[in-house]
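# A look at the structure
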2 protein chains.
Amino acid sequence: MPSNLDAQSIAPHPDHDHQACIDSALAAARELCRDKQQKLTKTREKVLQLIWGSHRPIGAYSLMDALAEGEQKRVAPPTVYRALDFLLELGLIHRINSLNAYIGCQDPSHEHHCYFLICTSCNLAVETDPGPFQAAVSQLKQQSGFAIRQQNMEFNGLCPHCRELSE
Amino acid sequence: MPSNLDAQSIAPHPDHDHQACIDSALAAARELCRDKQQKLTKTREKVLQLIWGSHRPIGAYSLMDALAEGEQKRVAPPTVYRALDFLLELGLIHRINSLNAYIGCQDPSHEHHCYFLICTSCNLAVETDPGPFQAAVSQLKQQSGFAIRQQNMEFNGLCPHCRELSE
DNA sequence: TTTATCGTGTTACAATATAACACATCGATG
DNA sequence: CATCGATGTGTTATATTGTAACACGATAAA
Ligand SMILES: [Zn+2]
Ligand SMILES: [Zn+2]
Ligand SMILES: [Zn+2]
Ligand SMILES: [Zn+2]
């Protein structure tokens, strides 16, 4: 996990140095692509950078709008979706199913399950450690007889910042 | 939870008496609507019944197709979505975000979080007990500072039946 | 140079969901 | 009984999210 997050919480502080998040995410992406012999093309890198524009999930069509900024032509949906598919495949981003939106992965260096806390007020999405849940998952495998391959958790509520504001 | 499920697993056995599932689901729905002073209209009841047609999530447009069977006219999307909204609101059904589809709630008598195991082969979706996960959730609340209001888990894998078939 | 592979451009379309407004039903109230 | 308000439905149009199919271009291996 990146180290420039609030020490008291896994949620990024509103005042944190977010450029550092972007830089380290892009650096990690380049490294991962080198390792896996995949090409981080201009389009893919731009999409990843835009996704890392915030810690909030962003939709495919918003990404198209963002890509269009300062350009002559808009890209068509397939262009964005191909980039998203590539980034998803490599684990550089996650899809938030409840929002039809995409967010950067905090730690793409190894595959992992998709566990998120999502603020219903400001849309902040924080990736969390699946570890503490694995005992319950094991039990569930036993009881259900399912061969669980993918875990996806999306919890909603108020982030620390929005809690303060709502008091 | 209904009692006509396989004793060895929380997954419904392929040969179980499914009509009993439908009947008890509809009975529970009528009771809940009476308690909450809500009207289970013809459309709403029909939609609920169709959703309970299987233990697989079904999409809104498939429901529209099913509603059209043997009828002169097709209903328009808003009709189905209104019924779905009503049923979701009352907790009679759940939405499976990863599939854009809807499935009957196993136990609508009290509010609870949405925890599902979903078979990637046959689409069987089994609702599971959030209980074993709550210790980890508490810890997560502490560490994240989030006020968690809603929990949604969707785990994918092979159901017991499909595991056997794939061996 | 040829060929194969990969990434992109472009057009059209599919699938899911909602907005807005008209109408009908029905029970409460006068 | 007559009227009113609340709720549910019908209807049309449209928004939002995502894909299929095929053509083109760059790159790199043979
Ligand atoms: Zn940041
Ligand atoms: Zn927030
Ligand atoms: Zn059944
Ligand atoms: Zn199965």
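Now for a look at the structure at hand. Since we're looking at a predicted model, the values are computed, not measured. (Residues numbered from 1 in each chain as written. Chains lettered and ligands numbered in written order. Predicted model: local features only at pLDDT ≥ 70, side-chain atom pairs only at ≥ 80, totals over all residues. Heavy atoms only, no water.)

## Topic: the pairing of strand E3 (residues 114-119) of chain A
All names here are of chain A. Within E3, 6 of the 6 residues are buried, which leaves it mostly tucked inside the rest of the structure. Side-chain alternation along E3 places Cys-114, Phe-116 and Ile-118 on one buried face and Tyr-115, Leu-117 and Cys-119 on a second face that is also buried. Where E3 lies against strand E5 (residues 147-158), 6 bridges are found, and the strand directions are parallel. Paired with Ile-118 across the strands is Asn-156, a residue of E5. Summarising the sheet, E3 and strand E4 (residues 125-127) pair through 3 bridges and their orientation is antiparallel. Residue Phe-116 lies in a different strand from E4, and its bridge partner there is Glu-127. Where E3 hands over to E4, the hairpin turn is made up of 5 residues, of which Asn-123 adopts a positive phi near 70°. (Buried < 20%, exposed > 50% of the residue type's maximum accessible area, 1.4 Å probe, protein only. Helix = DSSP H or I, 4+ residues; strand = E, 2+ residues; numbered from the N terminus. Pairing = 2+ DSSP bridges.)

## Regarding the interface of chain A and chain B
Facing 38 residues of chain A, the contacting portion of chain B comprises 38 residues. Approximately 3,000 Å² of surface area, both sides summed, lies buried where chain A meets chain B, with 65% of it carried by carbon and sulfur atoms. Taken as a group, Leu-140, Phe-146 and Phe-155 of chain A account for 21% of the area that chain A buries against chain B, more than any other trio of residues on that side. Scanning the region where chain A abuts chain B turns up 0 salt bridges. Linking chain A with chain B are 10 residue pairs in polar contact (both at pLDDT 80 or more). Listed by contribution, the elements that provide at least two residues to the side of chain A that touches chain B are E3, helix H5 (134-144), E5 and helix H6 (160-165) of chain A. (Contact = heavy atoms within 4.5 Å. Buried area = accessible area lost by both parts, 1.4 Å probe. Salt bridge = Lys/Arg side-chain N within 4 Å of Asp/Glu carboxyl O. Polar contact = N/O pair within 3.5 Å; in protein donor to acceptor, adjacent residues only side chain to side chain.)

## Quick look at the coordination of the zinc ion (ligand 4)
As a benchmark, a tetrahedral metal site with four donors has ideal angles of 109.5 degrees, while an octahedral site with six donors has ideal angles of 90 or 180 degrees. Residue and element names in this part refer to chain B. The coordination sphere of the zinc ion (ligand 4) contains the protein donors Cys-119 (SG), Cys-122 (SG), Cys-159 (SG) and Cys-162 (SG), at a distance range of 2.2 to 2.4 Å. For the zinc ion (ligand 4), the 4 donor atoms are set out with angles of 104 to 112° between them, so the coordination reads as tetrahedral. Donor residues for the zinc ion (ligand 4) sit on one chain with the sequence pattern C-x2-C-x36-C-x2-C. Cys-119 gets classed as buried once you look at its relative accessible area, which sits at 1%. (Donors = N, O, S within 2.8 Å, 3.2 Å for Na, K, Ca; no water. Tetrahedral: all angles 85-135°; square planar, octahedral: opposite > 155°, others 65-115°.)

## So, the protein's contact with DNA strand C
Taken together, 16 residues form the shell around DNA strand C, and within it Thr-41 and Arg-82 of chain A together with Tyr-61, Tyr-81 and Arg-95 of chain B come nearest. Among the atoms of DNA strand C lying within 4 Å of the protein, the sugar-phosphate backbone contributes 48%. At a separation of 2.5 Å, a base oxygen of DNA strand C approaches a polar side-chain atom of Arg-82 of chain A. With respect to DNA strand C, the side chain of Tyr-102 of chain B contributes an N or O atom lying 3.3 Å from a phosphate oxygen. (Near = heavy atom within 4 Å.)

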